[in-house]
Amino acid sequence: MAVRKICYIFNKKPKQISFAYDKFKDMHEAVAAAENIDLTAFLRMEQQVAATSKTSAAVKNYREEYFKKLGFEQIQMLKIEDE
């Protein structure tokens, strides 16, 4: 079984959390929850962007820019194999 971790920088401080798909849809939701950030308005707007855009790149760009404004940088998932 593989354990997933998310490494990210929040307000210039490097952090790491455990991640499970049964708790969060994606790593952005996980890091927001770890930092106690309410994503209700973001998720609503993300749905509107998805409904009105012709490409998935628009949603990805919106997400990246939004999280940058919140103070997140370098959000990435690590897969660590059990030994």
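Structure: above.
Residues numbered from 1 in each chain as written. Predicted model: local features only at pLDDT ≥ 70, side-chain atom pairs only at ≥ 80, totals over all residues. Heavy atoms only, no water.

### A few points about the overall build of the protein
In terms of helices and strands, the protein carries three helices and three strands. For the protein, the α and β elements follow one another from N to C terminus as β-β-α-α-α-β. Across its three principal axes, the protein shows a C-alpha extent of roughly 45 × 30 × 20 Å. Within the protein, buried positions represent 29% of all 83 residues. For the protein, long-range pairs separated by at least 24 residues make up 59% of all intrachain contacts whose partners lie at least 6 apart in sequence. (Helix = DSSP H or I, 4+ residues; strand = E, 2+ residues; numbered from the N terminus. Buried < 20%, exposed > 50% of the residue type's maximum accessible area, 1.4 Å probe, protein only. Contact = heavy atoms within 4.5 Å.)

### Concerning helix 2 (residues 40-52)
Given a rise of 1.5 Å per residue, 13 residues ought to cover 18 Å, and the 19 Å separating the end C-alpha atoms of helix 2 matches this to within 8%. Among the residues making up helix 2, those that are buried are Phe-42, Glu-46 and Val-49. Angular distribution of buried residues about the axis of helix 2 spans 60°; they occupy a single face of the element. Among the exposed residues of helix 2, those oriented more than 90 degrees off its buried face are Ala-41, Gln-47, Ala-51 and Thr-52. The secondary structure elements touched by the buried residues of helix 2 are helix 3 (56-70). (Expected span 1.5 Å × (residues − 1). Arc of directions from axis to C-beta.)

### Let's talk about the pattern of salt bridges
Two side chains bearing opposite charge may form a pair once their charged atoms approach each other closely. Here the structure, examined in full by the defined rule, presents six salt bridges. Here Lys-12 makes a salt bridge to Glu-73, at a shortest N to O gap of 3.4 Å. Residue Lys-12 is located in the loop between strand 1 (2-10) and strand 2 (13-19), and its partner Glu-73 is located in strand 3 (residues 72-81); the two are separated by 61 residues in the primary sequence. Residue Glu-46 is joined to Arg-63 by a salt bridge in which the shortest nitrogen-to-oxygen separation is 2.8 Å. Separated by 17 residues along the polypeptide, Glu-46 in helix 2 and Arg-63 in helix 3 bring together distant segments of the chain. (Salt bridge = Lys/Arg side-chain N within 4 Å of Asp/Glu carboxyl O.)

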